[in-house]
Structures are given as structure tokens and as C-alpha cells.
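As a plain string of letters, each chain reads:
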Amino acid sequence: MKHPKTYHHKTIQNGNQVIIVEGPLSSTFLADYYFDEGLTAFRPAKKQFEAVKSIADFEEGRIIIARDGDKIVGYATFLHPDPLERWSEIKMEDLIELGAIEVSNDYRGLSIGSTLLEVAMLDHQMENYIVITTEYYWHWDMDSTRLNIWQYREIMERMMGHGGLTPMSTDDPEIMSHPANCLLVRIGENVPKESIETFDSLRFMGKRHDWM
């Protein structure tokens, strides 16, 4: 399966401030920018930027960014699921994962997260994929937001909905370990029935269930 990437962008206006949301971008283009120091949810900003640039060079890898001038203040990554994850037990070329989405604290409240997902889905190639993301409450920034688990879950679902991702059932032990955890999925218009059935078997590891 080929993985062509078509560039799209949107602009967020906040008074005199202009945020450009764009992608997918190659590592060559990303090298012209730098990471905001507040992007530390996964690792220190500089190290995470290096990881993001490496994903951009994967054949299926997609990086969507939000930038204030040359400063990247938010990003989303898409790539095949990690080989150690359940979702890789059956190799599917048309299954990709929203592996990370992050917005710097100083830029929250501008709908950057939802716009990152909207721009990602503008590329018609996304209609050829099943896109998944797994949400675990222990990754959520409830301290700075002062939200409880269920309020944060609601915000995550609403944001993911801008990318067409909706909750779907699974018997994955990590997701089932807490009721706030969830699997969210978007099935592209061009995904064949065979791929949907294969994904169904991954959701339930061989057990047959109706879609939920």
C-alpha cells in the first residue's frame, strides 16, 4: 500500500496572533522550526522534536503542526501502531494510530487540538485508513486543568470528534482497567470490508462481537 501525503493548512486568528496549522510535513520542513519548551508531555521538548522528525520520515508517518511563527506550539503524529502493541499483532497496512497530540499550556483554549485533527483529515488519503487512538486517564493533565477524570474524558472525546474519531468497544486489558480509558476509531470511506473484519478481530483478539 502506498501512503501519499497531501499538504493542507488552516489559520487560527487570536487578536493579532496568527497560528498556522499545517501538514503533513517532512523532517526537512520541520527542521526550519523549533519546539515550544512547554511541549513536555512525553519527554523534554528537544528530544520529542527529534522523535517527531523521525516519524515524519516513515513512509506512512504524518506530522501535523501548529506554529506561532517558527515556534511549534502543538502537533499530532500518525503512524503504524508500535510493534509491541496489541494493534500490531496482525499487520495491517491500512491501520494507523494517532500516537500523540499535544498543545503547549500557553496556547490552550484556542481550539488548536481540534484544528490539528481537522487538518489531518483534509487529506483524502485518510479515507483509506482505519485511524485509532487509545486514551488512558493516567496520561491526562488533570492537575493544570483542574478537571476531574470524567470532565477530561468528555473534552478528549469532543476534540477527537473533530477528526471523526468515536469511542468503540474492545477487550484490551489496559483500556478495560479503568472505565475512563477508551479506544477511539475513525474508519475511512474506502476501507474494505476485509480490513474492518481484521480490525474487529484485533479489538476482541479473535472473539466475534457486533460493532458498538
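Residues numbered from 1 in each chain as written. Predicted model: local features only at pLDDT ≥ 70, side-chain atom pairs only at ≥ 80, totals over all residues. Heavy atoms only, no water.

1. A look at unusual backbone geometry
Look at the link from Gly-23 to Pro-24: it is a cis peptide, with omega at 0°. For Ser-111, which is not glycine, the phi torsion reads 65° and is therefore positive. Mapped onto the elements, Ser-111 comes out in the loop between β6 (95-103) and α3 (112-120). The class of Ser-111 is partly exposed, set by a relative accessible area of 47%. (Helix = DSSP H or I, 4+ residues; strand = E, 2+ residues; numbered from the N terminus. Buried < 20%, exposed > 50% of the residue type's maximum accessible area, 1.4 Å probe, protein only.)

2. Comments concerning helix α2 (residues 45-56)
With twelve residues, α2 extends 16 Å between its outermost C-alpha atoms, agreeing within 8% with the 16 Å of an ideal straight helix rising 1.5 Å per residue. Turning to α2, its buried residues number three or more, namely Ala-45, Gln-48, Phe-49, Val-52, Lys-53, Ile-55 and Ala-56. Each buried residue of α2 sits inside an arc of 155° when the element is viewed along its axis, so together they form one side. Set apart from the buried face of α2 by more than 90 degrees, the exposed residues are Lys-46 and Lys-47. (Expected span 1.5 Å × (residues − 1). Arc of directions from axis to C-beta.)

3. Examining the pattern of salt bridges
Scanning the entire structure with this criterion turns up twelve salt bridges. Among the ionic pairs, Arg-186 bridges to Glu-127, the shortest N-O distance being 2.6 Å. Of this pair, Arg-186 sits in strand β9 (residues 182-187) while Glu-127 sits in the loop between α3 and β7 (130-135); the two residues are 59 residues apart in sequence, bridging distant segments of the chain. By relative accessible area, which is 13% here, Arg-186 ends up buried. Residue Asp-200 pairs with Arg-203 through a salt bridge whose shortest N-O separation is 3.0 Å. In this pair, Asp-200 and Arg-203 are both assigned in helix α7 (residues 193-204), three residues apart and thus about one turn of the helix distant. Taking relative accessible area as the criterion, Arg-203 reaches 0% and is therefore assigned buried. The network of salt bridges with shared partners includes Arg-86, Asp-171 and Asp-172. (Salt bridge = Lys/Arg side-chain N within 4 Å of Asp/Glu carboxyl O.)

4. Observations concerning the pairing of β6
The buried fraction of β6 amounts to eight of the nine residues, a majority that puts the element mostly inside the structure. As defined by bridge partners, β6 adjoins β7 across three bridges and the pair is classed as parallel. Bridge pairing in β7 links Glu-97 to Ile-132. In this fold, the crossover linking β6 to β7 by way of α3 has right-handed handedness. (Pairing = 2+ DSSP bridges. Right-handed = clockwise from strand over helix to strand, strands pointing away.)

5. Here's the deal with α3
Most of α3 sits out of view: eight of its nine residues are buried. Among the residues of α3, Ile-112, Gly-113, Ser-114, Thr-115, Leu-116, Leu-117, Val-119 and Ala-120 are the ones counted as buried. Where α3 is buried, its residues meet β1 (8-14), β2 (17-23), β4 (62-68), β5 (71-79), β6 and α5 (149-161). (Contact = heavy atoms within 4.5 Å.)

6. Looking at the side chain of Glu-97
By the secondary structure assignment, Glu-97 is in strand β6. Summary of buried charges: Glu-97 has no salt-bridge partner, and the nearest side chain of opposite charge, Arg-86, is 11 Å away. (Lys, Arg positive; Asp, Glu negative; His and termini not counted.)

7. Considering the side chain of Arg-186
Reaching out from Arg-186, the side chain makes a polar contact with the backbone oxygen of Met-126 at a distance of 3.4 Å. Those residues in contact with Arg-186 that sit more than four places away from it in its chain are Met-121, Met-126, Glu-127, Tyr-129, Ile-130, Val-131, Gly-163, Gly-164 and Leu-165. (Polar contact = N/O pair within 3.5 Å; in protein donor to acceptor, adjacent residues only side chain to side chain.)

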